[in-house]
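This is what each chain is made of:
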Amino acid sequence: MLALVNTPSSTAKVALAEVPAPQPAANEALIEVSHFSLNRGELRRLEHRPEGWVGGQDVAGTVVVAAADGSGPPAGARAVALVESGGWAERVAVRSHSLAVLPEGVSFEQAACLPVAGVAALRAVRLLGALLGRRVLVSGASGGFGHLAVQLARVAGGRVTALARPENAAWLGELGAERVVSDLLAPDSLGELFEAVIESVGGETFRQALRRTAPEAVVALVGSTSGEDARFQIYDFFGHEGVRLQSVFMYTNPERHGAELVRLAAQGQLRAEVGWRGSWRAFDQGAEHLRARNSRGKVVFSVS
């Protein structure tokens, strides 16, 4: 079968090549991949993986061979899955508990946006505790993770402020943001303190977010897309006493969240924005689009 393999020895980084088809274990289904999305962390992983390695975590497609132990959906079922690697291929073996069956109202393209970013966003929202009526800040709100976090925080009852570029304000408002700001220290954003923060940018953005927390607030640390170090000290918490920093990793029990994300998508409460779409044969174009940080939503590839 064909797969996108890591090629660190060349300038292309990845290339389509023939690889052995996966042999599913008894508790794994074989999925014929229709679409997959790309995450920033996957691009970083390419730099540290060997020649021929097949990446890919977010996949959506059709079950062609059901799990032999009967634990998963039957052959023919439409499904979305979170895998450790191997998703950039025509077929991938997936453990039954990492699959969620798709209702007809959710497309493969939409579903492929949900596993990594959606699971991380849902975990972050749940770790913040009860959000009903609470002021919530989401940084990096226009990105593949951030725009899902905005929606999930709103579904949970939070009063969401989105940190994003001004040109994304109207769109984020449609997704449920009560307010959109582009600078946490600008005069028009002063005076409001947040009882919960979902932070995925890092660096100076993280430090500014800390300065805007209310006492006893919870800050969910999900990522550092800026690549900058976050420098702060105890004095940054004066006036913000009791703030708790909570790390969030989507690899912890992801199977608990997949079905919930699909349910919300089917009900129209969660909408994944696709900022770039194309064939997996144009992988380099999609990857460059993601690196440029000039697009909202997710980068999604079709497998053909």
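This report concerns the structure included in the present document. (Residues numbered from 1 in each chain as written. Predicted model: local features only at pLDDT ≥ 70, side-chain atom pairs only at ≥ 80, totals over all residues. Heavy atoms only, no water.)

1. Looking at the packing of helix α3 (residues 115-127) against helix α4 (residues 146-155)
Packing of α3 against α4 leaves a shortest axis separation of 9 Å and a crossing angle of 40°. Classified by the angle their axes make, α3 and α4 are oblique. As α3 runs across α4, the sense of the crossing is right-handed. From α3, Ala117, Gly118, Ala121, Leu122 and Val125 reach across to α4, where they touch Leu148, Ala149, Leu152 and Ala153. Its residues assigned to classes, the contact of α3 with α4 shows eight nonpolar, one polar and no charged. (Axes fitted to C-alpha atoms, helices over the stretch in contact; angles between N-to-C directions. Helix = DSSP H or I, 4+ residues; strand = E, 2+ residues; numbered from the N terminus. Parallel < 35°, antiparallel > 145°, perpendicular 65-115°, else oblique. Left-handed = near helix turned anticlockwise from the far one by under 90°. Contact = heavy atoms within 4.5 Å. Nonpolar A, V, L, I, M, F, W, Y, C, P; charged D, E, K, R; others polar.)

2. Topic: the layout of surface pockets
Of the voids in this model, the largest pocket is the one considered here, and its volume is about 1,200 Å³. Lining the largest pocket are 48 residues, with Arg40, Phe145, Ser200, Thr225 and Arg293 positioned closest to its centre. Every element with two or more residues in the lining of the largest pocket is listed here: α1 (40-46), α3, α6 (203-211), α8 (283-292) and β15 (298-302). No other element matches the five residues that α1 contributes to the lining of the largest pocket. Taken together, the residues that form the lining of the largest pocket break down as 17 nonpolar, 21 polar and 10 charged. If you add up the space inside the second largest pocket, you get close to 280 Å³. Lining the second largest pocket are 15 residues, and of these Arg40, Leu43, Arg44, Glu47 and Arg291 sit closest to its centre. Among the secondary structure elements, those contributing two or more residues to the lining of the second largest pocket are α1 and α8. When residues of the lining of the second largest pocket are assigned to their parent elements, the largest contribution, four residues, is made by α1. (1 Å grid on protein atoms, 1.4 Å probe; cavity = no way out; pocket = protein on both sides within 12 Å on 5 of 7 lines; lining within 4 Å. Points joined across faces, edges and corners; volume = space filled by probe spheres on them.)

3. Regarding the pairing of strand β5 (residues 78-82)
With five of its five residues buried, β5 lies for the most part within the structure. The side-chain alternation of β5 yields two buried faces, one formed by Arg78, Val80 and Leu82 and the other by Ala79 and Ala81. With five bridges connecting them, strand β4 (residues 58-65) and β5 associate as antiparallel partners. In the sheet register, Thr62 faces β5, and the bridge partner there is Arg78. Where β5 meets strand β7 (residues 99-101), three bridges bridge the pair, whose relative direction is antiparallel. Each bridged residue has a counterpart across the sheet, and for Ala81 the counterpart in β7 is Leu99. (Buried < 20%, exposed > 50% of the residue type's maximum accessible area, 1.4 Å probe, protein only. Pairing = 2+ DSSP bridges.)

That's the geometry; what it means functionally is another story.
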